[in-house]
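# Secondary and tertiary structure notes
What follows is each chain in one-letter form.
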Amino acid sequence: VSNQVPAISTFTGGTLFNGVFTPVTAGTNLSIPMGGSAAFLANFATTGGSAVVTPGNIQVQSTIPFSIQNLTATTTYTLTVTSSSGAATTKTVTVAVLVPPSALQYSAQTATYYKDVQISPNTATVSGGGTYTYSVNPGLPAGLSLDPSSGAITGTPQALTASATYTVTAKDSVNQSTTSVVTIAVADTPLSFTLSPNAIAPGGGAILSWDASLVAGVFTQVSISATPADATLPATFGLSGTANVSP
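What you are looking at is a predicted structure, and each value in this text was computed from that prediction instead of being measured. (Residues numbered from 1 in each chain as written. Predicted model: local features only at pLDDT ≥ 70, side-chain atom pairs only at ≥ 80, totals over all residues. Heavy atoms only, no water.)

This paragraph deals with the overall build of the protein. Along its length, the protein carries zero helices and 19 strands. Counting the 247 residues in the protein, one finds 27% classified as buried. Of the contacts formed within the protein by residues at least 6 apart in sequence, a portion of 60% connects residues at least 24 apart. As displayed, the protein offers around 14,600 Å² of accessible surface, 52% of which is attributable to carbon and sulfur atoms. (Helix = DSSP H or I, 4+ residues; strand = E, 2+ residues; numbered from the N terminus. Buried < 20%, exposed > 50% of the residue type's maximum accessible area, 1.4 Å probe, protein only. Contact = heavy atoms within 4.5 Å. Areas by Shrake-Rupley, 256 points an atom, 1.4 Å probe, with all protein chains shown as cover.)

Right, here's the structure in full:
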C-alpha cells in the first residue's frame, strides 16, 4: 500500500569494530569520549522513499551499520524513514559525549598524619561533571583508605610512614582519566609530659602537664595509674588547662 507509514523496527547506537556492531544496553544512552566516534544500526522497511539521519543528512540503509566520527558534543540523532508517497516515521538515539575529567585536587595535597589519630577526611574535587571511580597507587599507609566513589581519604594511620607520594586516578565510564599526586607522612604523636615536682612526699601532690594543642583530636580520654599500684590514689583526678585543650 503506497500510503502505508514506513516501519522502523530498531534504531540503536553502539560500537563498530572490524565490521561487527555491538549495541548499547537496552534503555541506556551511548556514552563516548570527547572526539570519539559513535556507530548506529537501523532496521526498517519501506518501499522506495528514503532513510536519512540528521544532523548530517546521512543516507542510511537498513541493517547496515555506519559510524559518525570526531564527536565533540552530546547530540540526539533522528532517523527519518519516508515512503515514496511521502509518509514518514522517526526514531532517535542520543549520544552523550563526556568531557574528560581534569583538575583533580585534594583539600590537603601534602599532609602529615599521626599514628593512631583518626584523620579528618581528605576530600577530592574534580572538573568534568561525570561520574568517576577512584584508585590509588601505591596503596595508602596502613589504616588509611580511598573511597572508590568519592576519592576521599579517611581512616586512622596504624604505622609510622616516611613521607611519600601517592598517585590518585579519577576515571569516567569511557576510561578518560586524570590524576593527582598527594604526599603523606605518618609521624609519631609529638607529645611530651612533665611532672612537677618529680618527687612527691607522702600526702603531697604534683602537676602533670602536656600540650594537647600540638595534635588536634589526640585525646578522647585520660587515665592515670601508678606502678607499682598505689591504693591511696583517688578514683578520679581533676583536670585543668588552657582553652581548647581536650578533655
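Attention now moves to the nonpolar core. Ranked by size, the top nonpolar core spans 20 residues in total, and within it Phe11, Phe40, Phe44, Leu71, Leu79 and Val95 carry the most contacts. Put simply, the parts of the chain that give this core at least two residues each are β1 (7–17), β3 (30–33), β4 (36–45), β5 (50–54), β7 (66–71), β8 (75–82) and β9 (88–98). At four residues, β4 tops the list of elements feeding residues into this core. Dropping the residues within four chain positions of it, leucine 79 is found in contact with Ile8, Phe11, Ala42, Phe44, Ala51, Val52, Val53, Val60, Thr89, Thr90 and Lys91. Counting 17 residues, the second-largest nonpolar core is a separate cluster that includes Ala111, Ile153, Tyr166 and Ala170. (Core = buried A, V, L, I, M, F, W, Y, C linked by side-chain atoms within 4.5 Å.)

The subject of this paragraph is unusual backbone geometry. For residues other than glycine, phi is negative in most cases, and the peptide bonds are mostly trans. Put simply, threonine 54 and proline 55 share a cis peptide bond, and its omega is 0 degrees. Considering the arrangement of structural elements, one finds proline 55 in the loop between β5 and β6 (58–59). The omega torsion across asparagine 137 and proline 138 is -5 degrees, close enough to zero to call that bond cis. Of note, proline 138 is situated in the loop between β13 (133–137) and β14 (144–146). Located in the positive-phi region is asparagine 18, a residue other than glycine, with phi close to 55 degrees. Note that asparagine 18 resides in the loop between β1 and β2 (20–23). Under the relative-accessibility criterion, asparagine 18 is labelled exposed at 68%.

Quick look at the sheet that holds β2 now. With antiparallel pairing, four strands are arranged side by side in an open sheet as β2-β1-β4-β7. Both edges of this open sheet fall to β2 and β7, since each of them pairs with a single strand only. In this sheet, neighbouring strand axes are inclined to one another by 40 degrees on average, regardless of whether the strands run parallel or antiparallel. The pairing of β1 with β2 spans four bridges and is antiparallel. Directly across from threonine 15, in β2, lies its bridge partner threonine 22. (Pairing = 2+ DSSP bridges. Axes fitted to C-alpha atoms, helices over the stretch in contact; angles between N-to-C directions.)

The next subject is the layout of surface pockets. Approximately 190 Å³ is the volume attributed to the second largest pocket. Taken together, 13 residues make up the lining of the second largest pocket; nearest its centre are Thr12, Val24, Thr25, Gly27 and Thr28. Listing elements by their share of the lining of the second largest pocket, those giving two or more residues are β1 and β9. Considering only residue class, the lining of the second largest pocket consists of five nonpolar, eight polar and no charged. (1 Å grid on protein atoms, 1.4 Å probe; cavity = no way out; pocket = protein on both sides within 12 Å on 5 of 7 lines; lining within 4 Å. Points joined across faces, edges and corners; volume = space filled by probe spheres on them. Nonpolar A, V, L, I, M, F, W, Y, C, P; charged D, E, K, R; others polar.)

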